[in-house]
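Below, each chain spelled out in residue letters.
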Amino acid sequence: MCWIFAYNWKGNSIPLLIDWLRNLEYRGYDSAWVFWVNTSWKFYLEKSIWKVSNLASKVDHSNSKNTIYTNWIAHTRWATHGKVTLENTHPHTSNNDRFYIVHNGIIENYVELKEELSKKYSFYSETDSEVIAKLVDDLYDWDIKNTLERLIKKLIWAYAIVLIDKEHPDTMVWAKLGSPMIVWLWKDGVFLSSDINAINNVADEFTILEDNETVIVENGKYNVYSLWEIINKQTEKIADDFEIADKWDFETFTEKEIHEVPNVLINALKGRINFENKTITNETLEELNTYDIDSIEIIASGSSYFAGVVWWGWFKELAGIKTEIKISSEFLYEKFLPSTSTLYIFISQSGETADVRESLKMVQQKWCLTFWIVNVVWSTIARMADMWLYSHSWIEVWVASTKNIVWQLAVLLLIAISMWNKRDLQNFEAKHLIEKIWELPNLFKEQLKNKEHYKSLAKKYSKYDNFFYLWRNLMYGTAAECSLKLKELSYLHAECYSTWELKHWPLALITPDFPCIAINPKWKLRDKTISNIKEIWARNWTILWVITQGDTLIDIYDDIIEIPDSHELLNPFLPLIPLWIFSVEIAKELGKDIDKPQNLAKSVTVE
Ligand code: F6R
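All values derive from a computational prediction rather than experimental measurement.

## Looking at the pattern of salt bridges
In total, this model carries 35 salt bridges according to the counting rule given. We note a salt bridge from Arg526 to Asp527, for which the minimum N-O separation is 3.2 Å. The class for Asp527 is partly exposed, based on a relative accessible area of 44%.

What follows is the structure in structure tokens.
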């Protein structure tokens, strides 16, 4: 997604901007630019499409120490309105080349605004953002603060905007609604970023801007305004363990993050379970149990949604609480029937996903009970709900979500056990399950040692263009997540179906070139599923079984991946590592960029 980094500072120059753009390449983008203007009216702009490396090769890298305050801005664009062209790349300017704006977000009423402004101004780009530059020019009344106030009244969000008036090159103006924005002082400059991960080693503390707040920056100082009054904002300290993204010795960040899974799980459970007496010891979960809840709705998107699907399966199977799972973008626009006895759970790794954030706002406005599960501390969602659990799974950098799902599942499982405990889960059953959860990190470590097996399967299966991922009941979320990962990383086609559904139509697609990954660990529906898969086998389909270690009942297959024998409720965890590595290796065989899948971005801050 788009990302803005800006500062007003005497020091340094372009190399710092380029370094920061590189640090945040993981977010996904398709063009980038750097810009500066100083108080002597000197001005520099360089743009480039596709990679930051293209931009880096064009810019002047001399690292001069300035004596005057200069406004520096870097931006990556992830195309929403208009193709990936230099014209559509920011900053956008007014016709008189006086006002420069940078924008993250989407201006939903840009068509109407453009129509009106076209009577007076000419447009050069296809973007929604360009209207902001024209509008600033149109509204300008010699006072930039007033102009900004009138500007934001006209925009139907969402935005994080940086505005520069070249006639006042000592000043920079920022505004935000919806899109995240943080500000901090460092050395003798003022810095702004639209991504919390950008602050890593250049800040000790920072301030988070709220919606409708604006900032005026001048000569190394800044004021935050709310409703046009200067306000005092609280600063947050950077945590000691704030992590800088590092891929260690791994070829890709995605692989490094998959290898972090055992430790992520330990971290998600630590302090929340007492492993000596096998009980859950978490104040938030205890508090949750004091509410009278008769139903649950889970709201998320992408892989986080599939983690929710697994949980939905767990609850349906065991808890006797009516549970629904909703894709956030749909939930937001369906008719909402608020219920005070429903718990609304929002799941998001980034804590910034726009439709999750907006769904949460909508539910809160109706005074319903909300709970979030988030990874990024200080993210927008993490500052909103009534109750929460952080994952503590460290920074997840590159686009494809992996380790994040494991902690989400772990936390969701803790909620489930704690709620079942309150209802009818027998103590000994809970203790047995907790014992088995604690074995998971070691089981994951063993799976990671089998990488060569998954890799050799990937070599063989990379020749196919289409895949079926087959599941029953509890394995739905896992199968859907694993098929998502194959599609996302290798751009191959994968369908995900219940094995029982096959006879209703998917069998029509049957050919030996459409391999079928059948996830069927030992549990109560295993035998029925075997019969379904035999129907496929009889028609010469290629079958890769994912089965419980040593399951001798399964006698027909082309290939197998064995997963450890554990508690059957924990089965959804166990195909993840093998099938993620399988997808990564297929993508490598096909020469894809694992860390930066085409067209995708991390942290989807626009609807
Ligand atoms: C897939 C993936 C995405 C995210 C989705 C939600 O590998 O990463 O599908 O899961 O964009 O993101 P969060 O969890 O940050 O709300």
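Now that the structure has been shown, the text picks up again.
## Description of the confidence of the model for the protein
Residues of the protein with pLDDT of at least 70 account for 95%, and the chain-wide mean is 88. Across the protein, the element-wise mean pLDDT spans from 81 in helix H1 (residues 14-23) up to 98 in helix H17 (residues 576-589).

## Describing the side chain of Arg98
Here Arg98 shows up in the loop between strand S5 (92-93) and strand S6 (99-104). A residue is classified by how much of its surface remains accessible, and Arg98, at 14% relative accessible area, is buried. Separated by 2.7 Å, the side chains of Arg98 and Asp165 make a polar contact.

## Quick word on helix H7 (residues 261-269)
Counting buried positions along H7 gives seven out of nine residues, so the element sits mostly inside the fold. By the burial criterion, the buried members of H7 are Val261, Pro262, Val264, Leu265, Asn267, Ala268 and Leu269. Taken together, the buried residues of H7 touch helix H6 (253-259), strand S16 (273-274), helix H12 (403-422), helix H13 (427-449) and H17. Just beyond H7, the residue with positive phi is Gly271, at close to 75°.

## Looking at the domain arrangement of the protein
Domain boundaries in the protein define domain 1 (3-237), domain 2 (253-440) and domain 3 (450-593). Measuring from the centre of the C-alpha atoms in domain 1 to the corresponding centre in domain 2 gives 35 Å. Across the contact, 14 residues belong to domain 1 and 13 residues belong to domain 2. Surface buried jointly by domain 1 and domain 2 totals about 1100 Å² across both partners, of which 61% is contributed by carbon and sulfur atoms. Between domain 1 and domain 2 we count two salt bridges in total. We note a salt bridge from Arg383 to Glu210, for which the minimum N-O separation is 2.8 Å. In this structure, the connection of domain 1 to domain 2 is made through three residue pairs in polar contact (both at pLDDT 80 or more). Listed by contribution, the elements that provide at least two residues to the side of domain 1 that touches domain 2 are strand S11 (205-208) and strand S15 (236-237).

## Some remarks on the site of the ligand
Taken together, 14 residues lie near the ligand, and Ser304, Ser348, Gln349, Ser350 and Thr353 sit nearest. Between the ligand and Ser350 there is a distance of 2.7 Å, counted from an oxygen atom to a side-chain nitrogen or oxygen. The separation between an oxygen atom of the ligand and a polar side-chain atom of Lys485 is 2.8 Å. Computed on the free molecule, the ligand has an accessible area of 410 Å², of which 87% lies beneath the protein chains in the complex. Split into classes, the residues belonging to the shell around the ligand amount to three nonpolar, nine polar and two charged. Two domains each provide a minimum of three residues to the shell around the ligand, namely domain 2 (253-440) and domain 3 (450-593).

Cut-offs and rules
- Residues numbered from 1 in each chain as written.
- Predicted model: local features only at pLDDT ≥ 70, side-chain atom pairs only at ≥ 80, totals over all residues.
- Heavy atoms only, no water.
- Salt bridge = Lys/Arg side-chain N within 4 Å of Asp/Glu carboxyl O.
- Buried < 20%, exposed > 50% of the residue type's maximum accessible area, 1.4 Å probe, protein only.
- pLDDT = per-residue confidence, 0-100.
- Helix = DSSP H or I, 4+ residues; strand = E, 2+ residues; numbered from the N terminus.
- Polar contact = N/O pair within 3.5 Å; in protein donor to acceptor, adjacent residues only side chain to side chain.
- Contact = heavy atoms within 4.5 Å.
- Domains from an automatic or database assignment.
- Buried area = accessible area lost by both parts, 1.4 Å probe.
- Near = heavy atom within 4 Å.
- Areas by Shrake-Rupley, 256 points an atom, 1.4 Å probe, with all protein chains shown as cover.
- Nonpolar A, V, L, I, M, F, W, Y, C, P; charged D, E, K, R; others polar.

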